[in-house]
Amino acid sequence: MNLFEVRIHGRGGQGVLSAAEMLSVAVFLEGNFAQAIPNFGSERMGAPVRAYCRFSDREIRSREPVIEPNALIIQDATLINQAETFAGISDDAWVLINSSRDLEELGIERYIRNISPARICVVDATGLARKHIGKPIPNAGLLGGFAAITGLLKFESVEQAIMQKFSGPVGKGNVKAALEAYSQLVASAEHASA
Amino acid sequence: MPSQPGKPSQVEGSIAIAHAIAACRPEVICAYPITPQTHIVEALARMARLEQLGNCQYVNVESEFAALSVCIGASASGSRAYTATSSQGLLFMAEAVYNTSGMRLPVVMTIGNRAIGGPINIWNDQSDSMALRDAGWIQLHAENNQEAADLHIQAFRLAEQVNLPVMVCVDGFLLTHAFEQITLTDQEKTDAFLPPFEPIQALNIEEPMSIGAMVGPEAFMEVRYLNASQFDESLEPIQSISEEFAALFGRSSGGLFEHYHSEAAQTVVIALGSVNGTIKDVVDNLRDEGASIGSIKISAYRPFPAAQLREALSQAERVIVVEKSFFSGIGGPLFNDVVRSLENSGIAHYSVIGGLGGRAILKKSLIEIFRNGMEESLEPLSFIDLDQKVITRELLRQRAGSHGK
Amino acid sequence: MTTSTVEFHQTGDLTAGNRLQDEQQASRQSTQQRFNSLTAGHRACQGCGEALGARFAIDKVMELTGDRAFVVNATGCLEVFTTPFPESSWNVPWLHSLFGNAPAVATGVAAALRAQGKSDIRVVAQGGDGSTVDIGFGALSGMFERNDDVLYFCYDNEAYMNTGVQRSGATPPMARTATTPIAGANPGNPFGQGKNMPLIAMAHGIPYVATATISHLRDLEAKVAKAMEIRGARYIHIHVPCPLGWGSEPADTVKLARLAAESGLFPLFEAEHGEVTDSSKIRRQVPVEEYLKLQRRYAHLFGKSADAEGIAAIQKIADTNIRRFKLLREEE
């Protein structure tokens, strides 16, 4: 597996860091190396937060931010109108956005002009989270979606990563949210070749 | 958390450090919370509550000054003691930092490297541990979280062998809050490596003694000289303990410094801490293009391995020192140490300052800087990704006497 | 035949050992078997109240614990005049770290002993008023809040004596110090808020707080004994006149301590968990002038520029203490 870099955008309190953590655990469980690093300020809830997760079959030594993400996960759609959110994405990047609206309604054409439409996906992860865990924390759903659209992770790895982080009913609920997102997107997304 | 000691796990750096500390069987842990060290001490507090730390006493205090003071009292009473801090907290306990080394107490302290204010800044750079580099503590720096965890185990062993306190420096956020693959230490090997603490002196009933007397002009110089000479002699055990660790645990960390393609390279980059990982990637890229470049990661910053470094650089034509601290008047402290060790060697030297206050150090920026260095078109002092437009504009404004308007 | 009870008045602090009394009533200090925790040869000034207070306090601790106690000392006169390297006049396990951290260091000592399973070894911390009410205040408050098992002695001579008599948070109003000199329109220390350390200790609700003085040494010893029966944070505030800093005769040290107590300026009381439980009654109240006039640090209140208002204000403080702590028998 070549180096694959993910950048996750969201706001404080939405579980952006946990998303990066769980993603890195899922990758680890499949026998690869993963590194997740947060990037935040000292404010608590609501401020923009990002996390970087990169993985590879080789040890990862560098700790620079993810400048050219192979995948972008946007946990909070209110961040989509900021140019930095989309900075550096390569033309074959995946973009996964958490929103209850359609892609057209989001109005982000200018940022994703060069990207294949098949690689840009929207999922209402917050809705799924409300449904399955009663809280608007979309990270698990987005991980399920990520696994589906990139094909880089087995769903079982995502499930295990979630259960390692969250025990009991919260863990199970998160897994359900992830599974529903996964099912929604696996059908419609283009898979990466290995 | 299903992570097994002795096997690789995917954990946060702070958790791995906490696990390593626990395995070292401290008797007193006392720390005051400060970003970015918090996850370490929170994890230890939890372990203490769950009675996973044996007889260890976890004490919550009202300031960093109190935290290190508690460790002073504990260590002077014959107990293995640990604390952790960063930045402002390290400065707040500065008096106690000198007191600890002056009294030869083998306390181990994690520094989650963070910029010193003012202005206030919570992100990573190394100005904090640099500010106290001359306080008589041994200073070790970690490149990645495996090393961060492992260095703490070596630190206790080293401290108690040479009777000097040890700071283990771990880049804030980049290491403390990073999740990566780490093999958590196992208790059996740690116990084999780190015997129980046997203090050279401690408060005790059988032989009452006064510790911390006032030393006047008639004896102070000798005390200082002896402390300094013992400090210098710790270079050897730093290396030998690192080798012993590698032999027992099967993985390398610490020591004085590590070569990365630098034994025969014309250009050698020198740095401390996690930026070495990024530098190694860049070195590989440039070597693929045929460049004669390598890097040296300095693990033991204090005492500074001057003679050893000079010897290691005997084939080099130039060194580029990359560091994350910069002080008015002296510039880069690591650069100053390297230059001194290369006196009269004819080796050219460049000071590169980056990452201050948490500004990211990018591979592409380093590539450009190293290329310039190899072509000798690099300034003697340069800054990575400094916004020159802002600087120029602000200086003009100040000179015109209108700053603040 | 009528009988009458004979009352001995020459008892307690007025004698070292009255042969007509029960041996129990005599202080160990009056015998050859005294502990000498703080032994001869130290370099205190002639008439130093602190040396006297510390000797009694620590000896009592050592007696009660069978020599099983560690002592942590803050920077200050006591530390400086007892440990000029390579000599020490302490016969006990003794640790000095810094000026502002004695309470925290003591916390660490106590934690270490707990970890080692040696909680039978007791921990004592001591410092002057400077380290206690000013620079070490935060650490002391922390120790109180955690209820660490430490007995803290404050030797209060009301200024930073070792560094040259500068004012501290404990310096009383109107007193001359090097930083509250007799100069300008308002000479001496201002009438500020004061910092009543014993009351502050009580506000933390700790198990035991007491004030004591070197004119009532048996009382001091009794309070140490009471404190040592208790586990947790304990605080004893001891008044210790300083002839050099106060500008008094070395021979008057004990007398001054007594006058301070009997004027009401230094109330003697005990408290547990924030409530006053007992106070020593003043036998014969003296006006504050009798106390003040023996000290050159108050000389500006007398003589040519006599300050009747100032003295009256100080008297008011004494009267308030008497009322508040019920120091006179009529008040009961």
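Figured I'd write up the structure that's included with this text. Small disclaimer: the values here were computed from a predicted structure and weren't measured. (Residues numbered from 1 in each chain as written. Chains lettered and ligands numbered in written order. Predicted model: local features only at pLDDT ≥ 70, side-chain atom pairs only at ≥ 80, totals over all residues. Heavy atoms only, no water.)

**A look at the pattern of salt bridges**
Stated formally: Each reported salt bridge corresponds to a side-chain nitrogen of Lys or Arg within 4 Å of a carboxyl oxygen of Asp or Glu.
Evaluation of the coordinates by the stated rule reveals 39 salt bridges over all chains. In the salt-bridge network here, residues are joined through shared partners; they are E143(B), E147(B), E258(B), K280(B) and K297(B).

**A short note on the pairing of strand β2 (residues 33–39) of chain A**
Residue and element names in this part refer to chain A. So the rule is basically this: When accessible area is computed with a 1.4 Å probe and restricted to protein chains, residues below 20% of their type maximum are described as buried, those above 50% as exposed, and intermediate ones as partly exposed. Starting at the N terminus, helices and strands are each numbered in turn, a helix being any DSSP run of H or I of at least four residues and a strand any DSSP run of E of at least two. Paired strands are those between which DSSP finds at least two bridges.
By the criterion of burial, β2 is predominantly enclosed, with 5 of the 7 residues buried. Summarising the sheet, β2 and strand β3 (residues 48–56) pair through 7 bridges and their orientation is antiparallel. Residue Q35 lies in a different strand from β3, and its bridge partner there is R54.

**What about a negative patch on the surface?**
Rule in force here: Like charges are joined within 9 Å and nonpolar side chains (Val, Leu, Ile, Met, Phe, Trp, Tyr) within 5 Å, but only among residues with over 30% relative accessible area and no salt bridge; these make up the patches. Residue-level accessible areas treat just the shown protein chains as cover; the underlying method is Shrake-Rupley with a 1.4 Å probe. Under this rule, positive means Lys or Arg and negative means Asp or Glu; His and the chain ends count for nothing. Charged side chains are reduced to one point each, which is NZ for Lys, CZ for Arg, CG for Asp and CD for Glu.
Taken together, D102(A), E104(A), E105(A) and E109(A) make up a surface patch of like negative charges. Its place among the elements puts E105(A) in helix α2 (residues 103–106).

**Details of the environment of V92(C)**
Under the convention used in this document: It only takes one pair of heavy atoms within 4.5 Å for two residues to be counted as in contact.
With respect to the helices and strands, the residue V92(C) is situated in the loop between α2 (77–82) and β2 (94–96). Separated by 129 residues in the primary sequence, V92(C) and E221(C) place their C-alpha atoms 18 Å from one another. Those residues in contact with V92(C), other than ones at most four positions away along the chain, are P208(B), M209(B), S37(C), M62(C) and V71(C).

**Quick look at the packing of helix α4 (residues 125–133) of chain A against helix α7 (residues 168–188) of chain A**
All names here are of chain A. Formally: Fitting a line to C-alpha atoms yields each axis, with helices limited to the stretch in contact; the angle taken between N-to-C directions then spans 0 to 180 degrees. Convention used here: angles under 35 degrees read as roughly parallel, angles over 145 as roughly antiparallel, angles from 65 to 115 as roughly perpendicular, and any remaining angle as oblique. Each crossing is labelled by how the near helix is turned from the far one, with a counterclockwise turn of less than a right angle marking it left-handed and a clockwise turn marking it right-handed.
The contact between α4 and α7 brings their axes to 8 Å, and the two run at 140 degrees. When the axes of α4 and α7 are compared, the pair comes out oblique. Note that α4 runs across α7; the crossing there is right-handed. Taken together, the residues of α7 that come into contact with α4 (itself represented by L128, A129, K131, H132 and I133) are V170, G173, N174, K176, A177, E180, A181 and Q184.

**Quick look at the packing of aromatic side chains**
The criterion, for reference: Ring pairs shown here join Phe, Tyr and Trp side chains whose ring centres sit within 6.5 Å, with only the six-membered ring taken for Trp; geometry is labelled stacked below 30 degrees between planes, edge-to-face above 60, and tilted in between.
For the coordinates displayed, the defined rule picks out 18 aromatic pairs over all chains. Judged by centre distance (5.4 Å) and plane angle (90 degrees), the rings of F193(B) and F245(B) are edge-to-face. Of the two residues, F193(B) is situated in helix α8 (residues 187–193) and F245(B) in helix α10 (residues 235–249); the sequence distance between them amounts to 52 residues. Aromatic side chains F144(C) and Y235(C) sit 5.8 Å apart centroid to centroid with 85 degrees between the ring planes, which places their arrangement in the edge-to-face category.

**A look at the state of the cysteines**
All names here are of chain C. So the rule is basically this: Our working definition of a disulfide is a cysteine sulfur pair at a distance within 2.5 Å.
In the structure shown here, the tally under the stated rule is 0 disulfides over all chains. Of all cysteine sulfurs in the structure, the one in C242 sits closest to C45, which takes part in no disulfide; the separation is 6.2 Å. Under the relative-accessibility criterion, C242 is labelled buried at 12%.

**Focus: the sheet that holds strand β14 (residues 318–323) of chain B**
Residues and elements named next belong to chain B. The 6 strands lie next to each other as β10-β12-β11-β14-β15-β16, forming an open sheet whose pairing is mixed. The open sheet has two edge strands with one neighbour each: β10 (257–260) and β16 (381–383). For this sheet the average axis-to-axis angle between neighbouring strands, irrespective of direction, equals 20 degrees.

**Considering the interface of chain C and chain B**
Our working rule: Simply put, the buried area is the total loss of 1.4 Å probe accessible area from both parts when two parts are fitted together. Counted as a polar contact is a pair of N or O atoms within 3.5 Å, where, for protein atoms, one must be capable of donating a hydrogen and the other of accepting one, and residues adjacent in sequence contribute only when both atoms are in side chains. When residues are sorted by character, Ala, Val, Leu, Ile, Met, Phe, Trp, Tyr, Cys and Pro go into the nonpolar class, Asp, Glu, Lys and Arg into the charged class, and all the rest, Gly among them, into the polar class.
At the junction of the two partners, chain C supplies 36 residues and chain B supplies 36 residues. Looking at the side of chain C facing chain B, the largest losses of area belong to F85(C), L98(C) and A115(C), adding up to 21% of the total buried there. Our enumeration of links across chain C and chain B arrives at 1 salt bridge. One salt bridge in this structure joins E62(B) and R146(C), with 2.9 Å as the shortest N-O distance. Counting across the interface, chain C meets chain B through 15 residue pairs in polar contact (both at pLDDT 80 or more). Listed by contribution, the elements that provide at least two residues to the side of chain C that touches chain B are β1 (69–73), α2, β2, α3 (102–115) and α5 (137–146) of chain C. Counting residues per element, the side of chain C that touches chain B draws most heavily on α3(C), which supplies 9 residues. In terms of residue class, the side of chain C that touches chain B is built from 19 nonpolar, 12 polar and 5 charged. Bridging between strand β9 (residues 210–211) of chain B and β2(C) involves 2 bridges; their strand directions are parallel. In the strand pairing of β2(C), I211(B) is matched with L95(C).

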